[in-house]
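The primary structure of each chain is shown beneath.
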Amino acid sequence: MMYSRMTRLPARSFFLFGVRGVGKSSWARTTLPSAMRLDLLDEALFHDLLAEPSLFRELVSAVAPGDWVVIDEVQRIPALLNEVHRLIEERGLRFALLGSSARKLKMAGTNLLAGRAIRKAMYPLVPRELGADFNLNEVLGYGSIPLVWTADSRREVLESYTQLYLREEIRAEAVVRNLPGFVRFLPIAALLHGQALNVAGIARDAGVARTTVTGYLEVLEDTLLTWRLPAFEARLRVRERRRPKLYWVDPGLVRAVKRQFGPLSAEERGALFEGWVLGLLRAHAEEQPLFDSIHYWAPVESNTEVDFLLRRDTEYLAIEAKAARRYNTALLKGLRAIDGLPDLVRRVLVHDGGRAFRTEDGIDVWPVKRFLEALETDGLWP
């Protein structure tokens, strides 16, 4: 089944990054049906262009100024971007540059066309796109990457996804030198979903050097599997800095890397729900001015925290994500602690319960349905 995506077509050339199977190619075929398409997973085309990038100019010679050219898996030949740059400047062609990794482009010193192409991201399916098919338990259990979600057996496809990633992104592109070490590292990184990073601890558990772990974390980010969420630091001294938190882009990937495919346990549900809420915020922020920056809040002098602190212009919005199905006041601890933050305009508890209300001290308690309505109607901010 095909789902209509939120991603809007820019007016000018753009990069569109997203993990494998997220639907970039399908979206491009639907959105730009008459565009010339070059798929660098076509090995014959790949080897021809790798040997002689200038052949690219001949391939697109018939494309009229202002028309679109789609290049799939553009990261496989970073040198092509030099030709793309010239064709944008000289002939006014427009390019949709799709990729599942920014690593080779970054490693090659590519300047991503010096601002001549904007950068966009595509995320796993969100409730707005899934419509009546949305089911929170299914999303937390298997994720919502279209390749997995639309499969006859979600579990089978999810089980093979890690091997696909290792084969296509890591081994084939020679991203890491020590593949066994990286394989040991992956499940450890999955266990840290939603937690502050301790590089020394990861290195010890994976049996590799700290510098190696730092490189591995960069690989996960460059191949779009994870994000690092920084701590909010308002005029803190260096010694007071908090470590960033690690989040995976999709709850199904977290479970696949840990090889957990059974019913969701209460222990894993909380972190998966929290990461899913972050994914929703990031996905919607791609297409609407939802925030300028996002952090988590954890003051040094306190043992409490708030999951997400959004900043837009000079205002702040605090969001706590709890998988609890029953509301209780203990869920508000962090949101009550952050109340004195200057320019804080709203505090929201998102939970898996069924009733929306506002507490006496002004905290909005929203079930998932109300939170989704706010995202979809641009009503998150007051």
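As a reminder, the structure under discussion sits directly above these lines.
For clarity, every value in this text was computed on a predicted model and none was experimentally measured.

Cut-offs used in this document
- Residues numbered from 1 in each chain as written.
- Predicted model: local features only at pLDDT ≥ 70, side-chain atom pairs only at ≥ 80, totals over all residues.
- Heavy atoms only, no water.
- Helix = DSSP H or I, 4+ residues; strand = E, 2+ residues; numbered from the N terminus.
- Rg over C-alpha atoms; globule rule 2.2 N^0.38 Å.
- Contact = heavy atoms within 4.5 Å.
- Areas by Shrake-Rupley, 256 points an atom, 1.4 Å probe, with all protein chains shown as cover.
- Salt bridge = Lys/Arg side-chain N within 4 Å of Asp/Glu carboxyl O.
- Buried < 20%, exposed > 50% of the residue type's maximum accessible area, 1.4 Å probe, protein only.
- Arc of directions from axis to C-beta.

(A) Just the overall build of the protein, in detail. What the protein contains, in helices and strands, is 16 helices and 14 strands. Over its C-alpha trace the protein gives a radius of gyration of 22 Å, about what one expects of a compact globule, namely 21 Å for 382 residues. Counting only C-alpha atoms, the protein reaches 65 × 50 × 45 Å along its principal axes. Taking all contacts inside the protein whose residues are at least 6 apart in sequence as the whole, residues at least 24 apart take part in 66%. Surface accessibility of the protein: about 17400 Å² in total, with carbon and sulfur atoms responsible for 48%.

(B) Region of interest: the pattern of salt bridges. This model, assessed by the stated rule, comprises 24 salt bridges. For the salt bridge of Arg155 with Glu159, the shortest nitrogen-to-oxygen distance reads 3.8 Å. You can see Arg155 and its partner Glu159 sitting in helix 9 (residues 154-171), four residues apart, about one turn around the helix. We classify Arg155 as partly exposed; its relative accessible area is 41%. Classification of Glu159 by relative accessible area gives partly exposed; the value is 26%. Note that Asp292 is salt-bridged to Arg311, the shortest N-O span being 3.8 Å. Here the residue Asp292 occupies a position in the loop between helix 14 (266-285) and strand 9 (293-297), and Arg311 occupies one in strand 10 (residues 306-312), the gap between them amounting to 19 residues.

(C) Up close: helix 16 (residues 368-376). Val368, Phe371, Leu372, Ala374 and Leu375 are the residues of helix 16 that are buried. In a view along the axis of helix 16, the buried residues occupy a sector of 160 degrees, so they form one face of it. Among the structural elements, helix 6 (127-130), helix 7 (136-142), helix 14, strand 11 (315-322), strand 12 (344-351) and strand 14 (363-367) are those in contact with the buried residues of helix 16. Just beyond helix 16, the residue with positive phi is Asp378, at close to 55 degrees.

By themselves, these are just geometric observations and shouldn't be taken as functional.
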